[in-house]
Amino acid sequence: MATLLRNGRLKANVTTRYIYLKSSTIKNENQCRCFNQYLFKRNVKSSRLSAFNPSRSFQTSLPLDKIIPFYLSDIGEGIREVSVKEWFVKVGDKVEQFDNICEVQSDKASATITSRYDGKITKLYHKIDGVAFVGEPLVDIDVEDEESLQTDTKEKKNDNQNSNTVEEENDVSKRSKVLATPAVRRIAMQNKIDLSTVNSTGRGGRVLKEDVLKFLNISSEDSNDVNKMKKAEKRNTLYVAQTPHLKSIGQDKTLPITGYTKIMVKTMSTSLKIPHFVYSDEIDVTPLVIIRSETKKAAAEAGVNLTFMPFFIKAASLALNNFPILNSSVDENCENITYKAAHNIGVAMDTPGGLVVPNIKNVQQKSILEIGNDLNRLQRDGQEGALKPNDLTGGTFSLSNIGVIGGTYTKPVILSPQVSIGALGKIQILPRFDKDGNVVKAHIVCVSWSADHRVVDGVTMAKFSNKWKFYIENPSHLMLEL
Ligand code: CAO
């Protein structure tokens, strides 16, 4: 649309940009024709500015090229770049506001990005696993209505038309009805919200998506919140499970790898490059079984479900004091090694979303009860899909208790850039000889350690295991060190 404004400037909206010409510069039909040619060069498909009367404002119907980039906005946690893990759209697809565009993942979290516009996708900027930067375009969208465009000004990078919007704002503010895009109206309708009661922050009093979300007590950042996305995913899963197609037996089905499993793909593929040295031993935990049963009730009174893990974790931290290289990390090309001051011990955890390894921070400073408390919290959050990026990052050493399921020996896989990990089998009651040669009933658990053999030799790993075994088989010494 081209408009001669009251202040004597001519405005046309072309590819989201306003073009202004002083009326004094368009004085005759010839100049108007030049202006139309200019519009044509700017990819405006046709112009009906055939008549020009400088004495009055004019409006014409002008098909516009409204293809605009949709930028990756800030998804919090200081994340500056993400990799695109999945596209939910392709070129030519029609989208509405809140429709899923893509799933992105950083080293801290994953998020589903949803559309701010109604329109048609005209370009995808990244391939799968391509890196997208905050503030850079993800897709181009041919937006359906001009209103959508006008809601977006605050998120555009280098928005050089801002200085030219004053007239538009003045025009809009004069309208008395509630201004909102159709999609925003739809959300309001679905949630039975009277838009006139919503505090609007858009230009000219326009009610934005964020305003409605705020009204509903949902922050706009939450649309990228991992946990809320998980809930949404759960809803989707429920829906899929109910569709008769997927219930049918005997058909192959291919599903995208998502969530924690997707992280596992990345970390385990990296781990494959590490030469693993594996060392295993069996531990007599009979005294520990007694101590745990003696202290379990007191721990419960303190609000802690005391399992064997806090003892295993504390013993690992004490043994790490003697073998700090096992609490180190190496850089990508294994050229530098960093000895970590904190014992942030990761615990492999089976959750509804898959395997995840949150870590307990500063185990070296914590009592067994405090470790138990932290573990309980991580376990609870893991079950609810509420683990935070801080829980999942910064681990320096890991333990995996697969024994809750069963088994004896296993080969744990190192979580790069860490250099070692331990795995426990099931505690079993087995016959063993005591020091006098008598057969006795013993509680036995098998432990297996993996070390990065590029920087850790087998003897170091074995000595560490012996030290850890000493604490577990002699829990009174474990208590002494607290
Ligand atoms: N042998 C026998 N019993 C065990 C045991 C073992 N190795 N480990 C735990 N138990 C017992 C616990 O003591 C507890 O019994 P009580 O109720 O009498 O206390 C019960 O099993 C359940 O324990 P838990 O699983 O709730 O808690 P935990 O602290 O022992 O373990 C966690 C926590 C998160 C490590 C565990 O729940 C888990 O997810 N393990 C799976 C780890 C995994 O997936 N490893 C594979 C990694 S590679 O894919």
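Reading guide: rules and limits
Residues numbered from 1 in each chain as written. Predicted model: local features only at pLDDT ≥ 70, side-chain atom pairs only at ≥ 80, totals over all residues. Heavy atoms only, no water. Helix = DSSP H or I, 4+ residues; strand = E, 2+ residues; numbered from the N terminus. Buried < 20%, exposed > 50% of the residue type's maximum accessible area, 1.4 Å probe, protein only. Contact = heavy atoms within 4.5 Å. Areas by Shrake-Rupley, 256 points an atom, 1.4 Å probe, with all protein chains shown as cover. Near = heavy atom within 4 Å. Polar contact = N/O pair within 3.5 Å; in protein donor to acceptor, adjacent residues only side chain to side chain. Nonpolar A, V, L, I, M, F, W, Y, C, P; charged D, E, K, R; others polar. Pairing = 2+ DSSP bridges. Axes fitted to C-alpha atoms, helices over the stretch in contact; angles between N-to-C directions. Core = buried A, V, L, I, M, F, W, Y, C linked by side-chain atoms within 4.5 Å. Parallel < 35°, antiparallel > 145°, perpendicular 65-115°, else oblique. Left-handed = near helix turned anticlockwise from the far one by under 90°.

What to know about the overall build of the chain
Along the chain, the regular secondary structure elements total 14 helices and 22 strands. In the chain, which comprises 482 residues, the proportion classed as buried is 45%. Taking the intrachain contacts of the chain between residues at least 6 apart in sequence as the baseline, contacts between residues at least 24 apart amount to 60%. For the chain, the accessible area works out to roughly 25300 Å², and carbon and sulfur atoms hold 52% of it.

Considering the site of the ligand
Taken together, 20 residues surround the ligand, and among them Arg292, Thr307, Asp350, Asn401 and Ile427 come closest. The separation between an oxygen atom of the ligand and a polar main-chain atom of Asp350 is 2.9 Å. Within the backbone of Ile427, a nitrogen or oxygen atom sits 2.9 Å from a nitrogen atom of the ligand. For the ligand, whose unbound accessible area comes to 960 Å², protein coverage reaches 71%. Only helix H9 (286-301), strand S16 (349-351), helix H11 (368-384) and strand S19 (397-401) provide two or more residues apiece to the shell around the ligand. In the shell around the ligand, the residues fall into ten nonpolar, six polar and four charged.

Remarks on the sheet that holds strand S5 (residues 81-87)
In spatial order, the strands read S8-S7-S5-S10; together these four strands make up an open sheet with antiparallel pairing. With one partner strand each, in any of the chains shown, strand S8 (110-114) and strand S10 (131-133) form the two edges of the open sheet. If you compare each strand with its neighbour and ignore which way they point, the axes differ by 45° on average. As paired strands, S5 and strand S7 (residues 100-105) are joined by four bridges and run antiparallel to one another. When the bridges of S7 are listed, Ser83 appears paired with Gln105. Relative to the sheet, helix H8 (residues 259-271) contacts S5 and S7, its axis offset from that of S7 by approximately 45°.

What to know about the nonpolar core
Formed by 49 residues in total, the largest nonpolar core has its most connected members in Phe312, Ile313, Phe464 and Trp468. Sorting the residues of this core by element identifies H9, helix H10 (309-322), strand S15 (345-347), H11, S19, strand S22 (439-452) and helix H13 (458-473) as the ones contributing at least two each. Excluding its chain neighbours within four sequence positions, the residues that come into contact with Ile313 are Ile345, Val347, Ile360, Val363, Ile371 and Leu399. Listed in part, the 23 residues of the second largest apolar core include Ile79, Val95, Cys102 and Val104.

Regarding the pairing of S5
Summarising burial for S5: six of the seven residues are buried, a large majority. Across three bridges, the pairing between S5 and S10 is antiparallel. Across the sheet, residue Val82 finds its bridge partner in S10, namely Ala132.

Quick word on the side chain of Gln97
Residue position: Gln97 is located in the loop between strand S6 (94-95) and S7. Not counting residues up to four positions away in its chain, the partners in contact with Gln97 are Ser115, Arg116, Tyr117, Asp118, Thr181, Ala183, Val184, Arg186 and Lys209.

Some points on the packing of H10 against H11
Each packed pair of helices is defined by two parameters, the angle between the axes and the distance between the axes. Here H10 crosses H11 at 120°, and the two axes come no closer than 9 Å. By the criterion of interaxial angle, the relationship of H10 to H11 is oblique. For the element pair H10 and H11, the recorded crossing hand is right-handed. Judged by residue contacts, Met309, Pro310, Phe311, Ile313 and Lys314 of H10 engage Ile368, Ile371, Gly372 and Leu375 from H11. Within the contact of H10 with H11, the residues separate by chemical class into seven nonpolar, one polar and one charged.

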